[in-house]
Amino acid sequence: MSERTWNNRLIKWVDDRLPVFTILKNELIDYPTPKNLSYWWNFGSLAGVMLVIMTVTGIFLAMHYTPHVDLAFVSVERIMRDVNYGWLLRYIHLNGGSAFFLVVYIHLFRGLYYGSYKSPREVLWWLGLIILILMMATAFMGYVLPWGQMSFWAATVITSLFTAIPFVGETITTWLWGGFTVGNPTLNRFYSLHYLLPFVIFAVVFLHMLALHTSKSNNPLGIDVKGPQDTLPFHPYYTVKDLLGLGVLLAILMGFVFFAPNFFGEPENYIPADPFLTPAHIVPEWYFLPFYAILRAVPDIWFIPAKLAGLMAMAASLLILFALPWLDTSKVRSARFRPIYKQVFWILVVDCIVLGWAGANPPEGIYLIVGRIATAYYFFHFLILMPLLGFMERPHPLPESISEPVVKGAGAVAGGAAAEPMEKAR
Amino acid sequence: MIDWLWTMTDKSQPVDHGKGETRRDFLYVATATFGTLGAAFAAWPLIDVMNPSAEVRALSSTEVDLAPIAEGQRITIKWRGRPVFIDRRTPERIRAAESVDLDALIDPQPDSARTQRPEWLVVVGVCTHLGCIPLGQKATDPWGEYGGWFCPCHGSHYDTSGRIRKGPAPKNLEVPPYEFLDDSTVLIG
């Protein structure tokens, strides 16, 4: 199909010199996509749209924001009250952060359920994890910019984590701060990096797409595409499916923007930062709560103090996902054919929600105990269960091809004939 | 010129190009080393530019007048952007700080090593756990189970010598460098 030449002479002239039109056609229109993708496959493109929304609103907010400890809070209030549609841009940016993380977490758990991290998609999976880590850094620094009480104290608590590093911790922390506490130099550099990192994310997203279009999409059955009878062109079949999902996402996002814009916010952050007064209860945004719970769950381990052990556990909870393609010893990708993993997966989902609940509460009494158990289970899942299940579980038989369960009696051979009318109808 | 260089190089080389260290290998290693060192030197200004600047470092000492502080009163002053707690300790607080069994401490330190004059305790008011400001500077604050300070973030209790007694903080409250200029003036920093 890519051999087709362009009818429009101008397009042909450009394309012969810079093949953008051919690339777009191959990757966005003709791109062969498994024909059994469910709505769970919407979330990648939704995450892409959220990245664009966050970047666009952010660029316009930056035109009105002042990164200085004396002016930052006031400039944000000015955006809310005086700048034309400033409230709208800020509320979209604020709630868009939550939507972005929600979409990305669903995307990640989709990958976990259907084994999208397994060969040949390991690098695709890594790039996704790198995007997640970059998103976390960007979101954390963005949260500091309004310079409210939660901004300041979140910045203090999180950057103070680095003091736990043996020997060089203090030096590194002072270097990060550009002073002896979180202060104006810190605010300035966070602003600079908060503006930079989304563009780094765009670059990694591009690599993520490159890896995706090399190994192609996984699908709910987790089996390989056998031929053209198993695929549909991306446009119009999946553009329209993704657009419906986008409509739903935007309706939910704008519902929050217009009717509950501060639902995810902390009232404390509408009090200007005071370096001499710590709020009684410091909590991060909801999307960091499970990690915050892990950070605080770990006690002193042998000679490692709790502070360092907590930091290491929190880092490990993310880094462990990089090793997942090898920790999971099962040859079967999709949980649909893995009777035990299918249940264990949902226990992990519940475990992460429990971690979030523990992270939202002070680390004492029942919350601390639950946080510790949930943390232990999180690592148990990835380090013990995943490797063992591959050997102990007996998977259900896999279908012959993607077409087979859809078109009755259509195996690898007959599938071509069965799928053809659809291809022709296009 | 280039030809001449190549000729010279070739003549001076051992005949077996396939194995062993050649002059070309040496040039590769030398170039890579030189390039790496150069990049490291060029990167240093970019790293150091993020360290505290001269005007931030210049604010590193503060003079405090102690005369108006009554016995049992605690005041907070600002040093390097951080709060410093000064406590004019009552005899009971001094006794409580001195009578502790060092083995019972998380970060063992005798009270005498943390004060220059027992009456005056000077500590940085930043929790050594994750940098929150402990409560205890006001009479209405919770002072913790050991009569010193209590950090509301993650529940660390400090005693009347600013030592960690209970909770997640790993170390005692930091004692800043300070000296008594006279009986009623202290220079912090």
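Residues numbered from 1 in each chain as written. Chains lettered and ligands numbered in written order. Predicted model: local features only at pLDDT ≥ 70, side-chain atom pairs only at ≥ 80, totals over all residues. Heavy atoms only, no water.

A. How the structure looks around the overall build of chain B. Broken down by element type, chain B carries 4 helices and 9 strands. Sequence-ordered secondary structure for chain B, helices as α and strands as β, is α-α-α-β-β-β-α-β-β-β-β-β-β. Looking at the 189 residues of chain B, the share that counts as buried comes to 38%. The contacts in chain B between residues at least 6 apart in sequence include a share of 52% that link residues at least 24 apart. Carbon and sulfur atoms provide 60% of the accessible area of chain B, an area that totals close to 10800 Å². (Helix = DSSP H or I, 4+ residues; strand = E, 2+ residues; numbered from the N terminus. Buried < 20%, exposed > 50% of the residue type's maximum accessible area, 1.4 Å probe, protein only. Contact = heavy atoms within 4.5 Å. Areas by Shrake-Rupley, 256 points an atom, 1.4 Å probe, with all protein chains shown as cover.)

B. Broad picture of helix α7 (residues 149–160) of chain A. Residues and elements named next belong to chain A. If you check α7, its first and last C-alpha atoms are 16 Å apart, about what 12 residues at 1.5 Å a residue would give, namely 16 Å. Burial of α7 is extensive: 11 of the 12 residues sit out of reach of the surface. For α7, every residue scored as buried is listed here: Gln149, Met150, Ser151, Phe152, Trp153, Ala154, Ala155, Thr156, Val157, Thr159 and Ser160. Elements in contact with the buried residues of α7: α6 (122–144), α8 (169–177), α9 (184–215), α11 (289–297) and α12 (306–319). (Expected span 1.5 Å × (residues − 1).)

C. Just the packing of aromatic side chains, in detail. Residues and elements named next belong to chain A. According to the stated counting rule, one finds 36 aromatic pairs over all chains in the structure shown. Centre to centre, the rings of tryptophan 6 and phenylalanine 21 are 6.1 Å apart; their planes meet at 65°, and the pair counts as edge-to-face. With tryptophan 6 in the segment before α1 (9–17) and phenylalanine 21 in helix α2 (residues 20–29), this residue pair connects regions lying 15 residues apart in the sequence. One aromatic cluster in this structure is built from Phe101, Tyr105, Phe256, Phe263, Phe264, Trp286, Tyr287 and Phe288. (Phe/Tyr/Trp six-rings, centres within 6.5 Å; stacked < 30°, edge-to-face > 60°.)

D. Local environment of the sheet that holds strand β5 (residues 147–151) of chain B. Residues and elements named next belong to chain B. An order of β5-β6-β7 is seen for the 3 strands of this open sheet, with the pairing classed as antiparallel. At either end of the open sheet lies a strand with only one pairing partner, and these are β5 and β7 (164–166). Within this sheet the neighbouring strands show an average axis-to-axis angle of 35°, counted without direction. (Pairing = 2+ DSSP bridges. Axes fitted to C-alpha atoms, helices over the stretch in contact; angles between N-to-C directions.)

E. Local environment of the interface of chain B and chain A. Of the residues lining the interface, 25 residues belong to chain B; the matching set on chain A comes to 23 residues. Interface area, chain B with chain A, both sides summed: about 2100 Å², of which 70% is carbon and sulfur. At the boundary of chain B and chain A, one finds 0 salt bridges. Taken together, chain B and chain A are joined by 6 residue pairs in polar contact (both at pLDDT 80 or more). Of all the elements in the fold, those that place two or more residues in the side of chain B that touches chain A are α3 (54–58), β2 (74–79) and β3 (82–88) of chain B. It is β2(B) that contributes the most residues to the side of chain B that touches chain A, 3 residues altogether. (Buried area = accessible area lost by both parts, 1.4 Å probe. Salt bridge = Lys/Arg side-chain N within 4 Å of Asp/Glu carboxyl O. Polar contact = N/O pair within 3.5 Å; in protein donor to acceptor, adjacent residues only side chain to side chain.)

F. Molecular detail of a nonpolar patch on the surface. All names here are of chain A. A cluster of nonpolar residues, Val52, Val56, Phe60, Met63, Tyr195, Phe199 and Phe202, forms a patch on the protein surface that exposes about 630 Å² of accessible area. Residue assignment for the nonpolar patch shows that the elements contributing at least two residues are α3 (43–62) and α9. With respect to the helices and strands, tyrosine 195 occurs in helix α9. (Patch = residues over 30% accessible without salt bridge, like charges linked within 9 Å, V, L, I, M, F, W, Y side chains within 5 Å.)

G. Quick peek at the sheet that holds strand β1 (residues 62–65) of chain B. Residue and element names in this part refer to chain B. Taken together, 3 strands build an open sheet; the order of strands is β1-β9-β8 and the sheet is antiparallel. The open sheet has two edge strands with one neighbour each: β1 and β8 (178–182). Neighbour to neighbour, the strand axes of the sheet diverge by 25° on average, direction disregarded. In terms of strand pairing, β8 meets strand β9 (residues 185–188) through 4 bridges, oriented antiparallel. Looking at the pairing, tyrosine 178 lines up with isoleucine 188 of β9.

H. Looking closely at unusual backbone geometry. Residues and elements named next belong to chain A. Residue proline 120 is bonded to the preceding serine 119 through a cis peptide linkage, with omega at 5°. Looking at the element boundaries, proline 120 is found in the loop between α5 (86–113) and α6. Cis peptide bonds are those with omega within 30 degrees of zero, and the linkage from histidine 235 to proline 236 qualifies with 5°. The residue proline 236 is located in helix α10 (residues 234–259) in this model. For tryptophan 147, which is not glycine, the phi torsion reads 55° and is therefore positive. Of note, tryptophan 147 is situated in the loop between α6 and α7. Here the phi dihedral of lysine 216 falls at roughly 70°; this positive angle occurs in a residue that is not glycine. Position of lysine 216 among the secondary structure elements: in the loop between α9 and β2 (231–233).

I. Geometry of empty space enclosed by the protein. All names here are of chain A. Inspection of the entire model under this criterion finds 2 cavities of 30 Å³ or more. Looking at the largest cavity, it is lined by 41 residues, and the ones nearest its centre are Met54, His93, Gly142, Tyr143 and His194. Elements represented by at least two residues in the lining of the largest cavity include exactly α3, α4 (72–81), α5, α6 and α9. A per-class count over the lining of the largest cavity returns 26 nonpolar, 11 polar and 4 charged. Space inside the second largest cavity adds up to approximately 50 Å³. What lines the second largest cavity is simply Ala293, Arg296, Ala297, Ala358, Gly359, Pro363, Tyr367, Leu368 and Gly371. Elements with a contribution of two residues or more to the lining of the second largest cavity: α11, α14 (339–360) and α15 (365–392). (1 Å grid on protein atoms, 1.4 Å probe; cavity = no way out; pocket = protein on both sides within 12 Å on 5 of 7 lines; lining within 4 Å. Points joined across faces, edges and corners; volume = space filled by probe spheres on them. Nonpolar A, V, L, I, M, F, W, Y, C, P; charged D, E, K, R; others polar.)

J. Highlighting the state of the cysteines. Residues and elements named next belong to chain B. Within this structure, the stated rule accounts for 1 disulfide over all chains. Here cysteine 132 connects covalently by a disulfide to cysteine 153, the sulfurs 2.1 Å from one another. Handedness of the cysteine 132-cysteine 153 disulfide follows from its S-S torsion of about -100°: it is left-handed. Of this pair, cysteine 132 sits in the loop between β4 (120–124) and β5 while cysteine 153 sits in the loop between β5 and β6 (156–159), placing them 21 residues apart in sequence. Overall, the relative accessible area of 1% leaves cysteine 132 in the buried class. Among the cysteines around cysteine 127, which has no disulfide bond, cysteine 151 carries the closest sulfur, lying 3.8 Å off. (Disulfide = S-S within 2.5 Å.)

K. Summary view of the side chain of B:Asp141. Residue and element names in this part refer to chain B. Inspection of the secondary structure puts aspartate 141 in the loop between β4 and β5. Lysine 138 is the oppositely charged side chain nearest to the buried, salt-bridge-free aspartate 141, at an N-O distance of 4.9 Å. A distance of 3.1 Å separates the side chain of aspartate 141 from the backbone nitrogen of glycine 136, its partner in a polar contact. Discounting residues that sit within four places of it in the chain, aspartate 141 has contacts with Leu135 and Gly136. (Lys, Arg positive; Asp, Glu negative; His and termini not counted.)

L. Inspection of the confidence of the model for chain A at higher detail. When the pLDDT values of chain A are averaged, the result is 92; 94% of them are 70 or greater. For chain A, helix α17 (residues 414–425) of chain A is the element with the lowest average pLDDT, namely 42, and α6(A) is the one with the highest, namely 98. (pLDDT = per-residue confidence, 0-100.)

M. A look at the pairing of β1(B). Residues and elements named next belong to chain B. The two faces of β1 differ: Thr62 and Val64 on one face are buried, but Glu63 and Asp65 on the other face are not. Pairing analysis gives 4 bridges linking β1 to β9, with the strands arranged antiparallel. The residue of β9 that forms the bridge with aspartate 65 is threonine 185.

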